[in-house]
Amino acid sequence: GQGYVAIDCEMVGTGPRGRQSELARCSVVGYHGDVIYDKYVRPQLPVVDYRTRWSGVTKGHLRNAIPFRAAQAEILKILKDKIVVGHAIHNDFQALKYFHPKDRTRDTSRIPLLNQKAGMPVRASASLKSLAKHLLHKKIQVGCRGHSSVEDAQTAMELYRLVEVQWETELARSQPPRPPSPPADPSTDSDQYLDDQYWPTDLTAGSP
């Protein structure tokens, strides 16, 4: 499980009328829900709307927060080479101004198995809250203090682990393995030259 993390970000509103979403807190947890990273982040533009009802972020939180670029560098270092789990995770990557390789991303809002288990339409985009209620029998995102990105990341990981074996098996079936890098010689325009029969015998004779 050390190759897996789950992420959740909280956003505040910046720019004209606070319409732009910028990162204000990022939480990353490990396979067993252990907190690896949880920091408040100072957006690049002045905050117009703290969106506290949802984000849980207040002015006080951002007073000594780490600047965006510094946080981004720390977080990307953690995500590198990992399988990253999250719910509607494109929003989190957008807030981080980052794209994670698709084959290493597991979005719990797009795992039909989870919906199926929860008795929801397979193609529906179920909220984290309703999946948690149906499948984990836990209430999240309650109260008026806003979401907790730690709790949301932990919940996404728990949901992923619920269907991990089945889901990874299905993914492996549906995704062809990555093709090997092309041969260095540009004059060979076809992969078939890699077959033994095309190599001169003296080259292969010495190899085991």
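Just so it is clear, the model here is predicted, and its values are computed rather than measured.

Criteria and cut-off values
Residues numbered from 1 in each chain as written. Predicted model: local features only at pLDDT ≥ 70, side-chain atom pairs only at ≥ 80, totals over all residues. Heavy atoms only, no water. Buried < 20%, exposed > 50% of the residue type's maximum accessible area, 1.4 Å probe, protein only. Helix = DSSP H or I, 4+ residues; strand = E, 2+ residues; numbered from the N terminus. Pairing = 2+ DSSP bridges. Salt bridge = Lys/Arg side-chain N within 4 Å of Asp/Glu carboxyl O. Phe/Tyr/Trp six-rings, centres within 6.5 Å; stacked < 30°, edge-to-face > 60°. Lys NZ or Arg CZ within 6 Å of the ring centre and 35° of its normal.

*Asks:* So what exactly am I meant to see when it comes to the pairing of strand β2 (residues 20–30) here?
*Replies:* For a regular strand, the rule is simple: side chains alternate between the two faces of the sheet. Here β2 lies mainly inside the structure; nine of its 11 residues are buried. Across 10 bridges, strand β1 (residues 4–14) lies against β2 in antiparallel orientation. Counted as the bridge partner of cysteine 9 is cysteine 26 from β2. A loop of four residues connects β2 with strand β3 (residues 35–42), the two strands running antiparallel in sequence, and glycine 33 in this loop sits at a positive phi of about 85°.

*Asks:* Honestly, the pattern of salt bridges in this entry has me stumped. Any pointers?
*Replies:* Between side chains of opposite charge, a pair can form when the charged atoms approach closely. In total, this model carries seven salt bridges according to the counting rule given. Across the pair arginine 106 and glutamate 168 runs a salt bridge, and its minimum N-O distance is 2.7 Å. Separated by 62 residues along the polypeptide, arginine 106 in strand β7 (residues 105–107) and glutamate 168 in helix α7 (residues 149–174) bring together distant segments of the chain. Side by side, arginine 106 and glutamate 168 carry an identical accessibility label, which is buried. If you follow the salt bridges from partner to partner, you end up with Lys80, Asp81 and Arg104 in one network.

*Asks:* Explain the packing of aromatic side chains here, please?
*Replies:* Working definition: an aromatic ring pair is given by the centre-to-centre distance plus the angle between the planes. The final tally for this structure, using the stated rule, is three aromatic pairs. Between tyrosine 4 and tyrosine 31, the ring centres sit 5.4 Å apart and the planes meet at 55°, which makes this aromatic pair tilted. Of this pair, tyrosine 4 sits in strand β1 while tyrosine 31 sits in the loop between β2 and β3, placing them 27 residues apart in sequence. On the basis of relative accessible area, tyrosine 4 is assigned to the buried category, the value being 18%. Residue class for tyrosine 31 comes out buried when judged on its relative accessible area of 17%. Summarising the aromatic geometry, the rings of tyrosine 4 and tyrosine 160 are spaced 5.7 Å apart at their centres and angled 35° between planes, so their arrangement reads as tilted. Residue tyrosine 4 is located in strand β1, and its partner tyrosine 160 is located in helix α7; the two are separated by 156 residues in the primary sequence. Feature note: the residues Tyr4, Tyr31 and Tyr160 constitute an aromatic cluster, connected by ring pairs. Just above the ring of phenylalanine 68 sits the side chain of lysine 97; from NZ or CZ to the centre is 5.1 Å.

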